Amino acid sequence: MQNHNGEAASQRIARISAHLNPHQLQMEGKSGLERAYCRAKGGSPGFKVAILGASGGIGQPLSMLMKMNPLVSVLHLYDVANTPGVTSDISHMDTGAVVRGFLGPQQLENALTGMDLVIIPAGVPRKPGMTRDDLFNINAGIVKTLCEGIAKCCPKAIVNIISNPVNSTVPIAAEVFKKAGTYDPKRLLGVTMLDVVRANTFVAEVLGLDPREVDVSVVGGHAGVTILPLLSQLKPPCSFTSEEAAYLTSRIQNGGTEVVEAKAGAGSATLSMAYAAVKFADACLRGLRGDADVIKCAFVPSVVTELPFFASKVRLGRNGIEEVYALGPMNEFERAGLEMAKKELAGSIEKGVSFATK
């Protein structure tokens, strides 16, 4: 009896070990210890999600919040440093998703194989005095490498790009996928959700409302003047004076700088970005599940303007983007803002395309 209990305990320990280190599982042929019996397969029905850049300032809170999402069954955390610690920490959370960590370029393919959704917050953050363009050379190379891995290992995955400058990194991703022959414009989305989250919050403050009752459509891009909140289309409807509209628009456009300066060299908007990214990822997963009327703003391949990429409201579904919505009626202030946004965006998009094709 003692021996039988000992064997059962050994099997349980091996199962736990295999869950934490699936790549070290070499127990083939031993019943009970095969991968098929190991919870590393995934603890609950749902989707497989990879976070690339999981150890960073955005990556860590993003990983934690995705572990809490009931739609996630398997969560792969990838980074070039510190992933084992982050994985161990997050894996102790008592939610259904199974967490696995992957460290370094040699494990990128394992991290990506079989994923339904890939979220990319990888890269360096903005520091005081830096523009989003200053980040370009470092982050552009990182995004290019990661997207090459996606094209090879999970070409059908929905890809959410957070790495700044989004106005350039999304076009880079598109070029990488085109070159690999896997490009599907429905499955590539630049995450501009933080602009919407900020807009809802700042407008709610002015109106004295709960931010959850406010819905501001934010179009254009994801940097400075390319961020265009359409306050005339606000829900619930409300009219602003020209001074109020100018103040709110400026604050929404410069929300990132507000945080960078407040942190005084200690980082950029990481926590609010993680929150916004999870809100958007959850919408993508609900779309994949087949929920109706999942509509969010995102920076996507688009024919809404003459530019090849543009942020506007999109409807998400089983194939990613099911519909890209037109901008709708705008007032004079917004039309002027749109022209400025398009001019700036055109250069950022071209910069991304030329980087990816050089």
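Note that the coordinates shown come from a computational prediction; the quantities given were computed from them, not determined experimentally.

Undergrad: Explain helix 10 (residues 271–289) here, please?
TA: Each turn of an α-helix holds 3.6 residues, which means side chains three or four residues apart point in the same direction. When the terminal C-alpha atoms of helix 10 are compared, their 27 Å separation across 19 residues agrees well with the 27 Å that a helix rising 1.5 Å per residue should span. All of the buried residues along helix 10 are Met-273, Ala-274, Ala-276, Ala-277, Val-278, Phe-280, Ala-281, Ala-283, Cys-284, Leu-285, Gly-287 and Leu-288. Downstream of helix 10 by a residue or two, Gly-290 has a phi angle that is positive, lying close to 105°.

Undergrad: Help me understand the packing of aromatic side chains, please; the structure alone is not making it clear to me.
TA: Where two aromatic rings form a pair, the distance of their centres and the angle of their planes describe that pair. Per the stated rule, a full pass over the model turns up two aromatic pairs. Ring geometry for Phe-136 and Phe-355: centres 5.5 Å apart, planes at 85°, overall edge-to-face. Of the two residues, Phe-136 sits in helix 5 (residues 136–153) while Phe-355 sits in helix 11 (residues 332–357), which places them 219 residues apart along the sequence. Accessibility assignment for this pair places Phe-136 and Phe-355 in one class, buried. Directly above the aromatic system of Phe-202 lies the positively charged group of Arg-251, at a separation of 3.7 Å from the ring centroid.

Undergrad: Can you help me understand the pattern of salt bridges in this one?
TA: Should the charged atoms of two oppositely charged side chains come close, the side chains can pair. The final tally for this structure, using the stated rule, is 12 salt bridges. Where Glu-109 meets Lys-152, a salt bridge forms, and the shortest distance between an N and an O atom there is 2.7 Å. Of this pair, Glu-109 sits in helix 4 (residues 108–112) while Lys-152 sits in helix 5; the two residues are 43 residues apart in sequence, bridging distant segments of the chain. Looking at Lys-152, the relative accessible area reads 58%, which means it is exposed. For the salt bridge of Arg-315 with Glu-323, the shortest nitrogen-to-oxygen distance reads 3.3 Å. With a relative accessible area of 26%, Arg-315 lands in the partly exposed category.

Quick notes on the rules
What you see as residue numbers is a count from 1 along each chain, following the sequence as written. Where local features are concerned, this predicted model is filtered to residues with pLDDT of at least 70; where side-chain atom pairs are given and counted, the filter is 80 or more; whole-chain, interface and lining totals use all residues. Side-chain metrics rest on all non-hydrogen atoms present in the structure, leaving aside hydrogens and water. Helical segments are the DSSP runs of H or I of at least four residues, strand segments are the runs of E of at least two, and each set is numbered from the N terminus. The span one expects for a helix is its residue count, reduced by one, times 1.5 Å. Buried residues are those whose accessible area, probed at 1.4 Å on protein chains only, stays under 20% of the maximum for their type, while exposed residues exceed 50% and partly exposed ones sit between those limits. Here is the rule: rings of Phe, Tyr and Trp (six-membered ring for Trp) pair when centre to centre is within 6.5 Å. Planes less than 30 degrees apart are stacked, more than 60 are edge-to-face, and the remainder are tilted. Lysine NZ or arginine CZ positioned within 6 Å of the ring centre and within 35 degrees of the ring normal marks a charge as sitting over the ring. Note on definitions: salt bridges are taken to be side-chain nitrogens of Lys or Arg within 4 Å of carboxyl oxygens of Asp or Glu.

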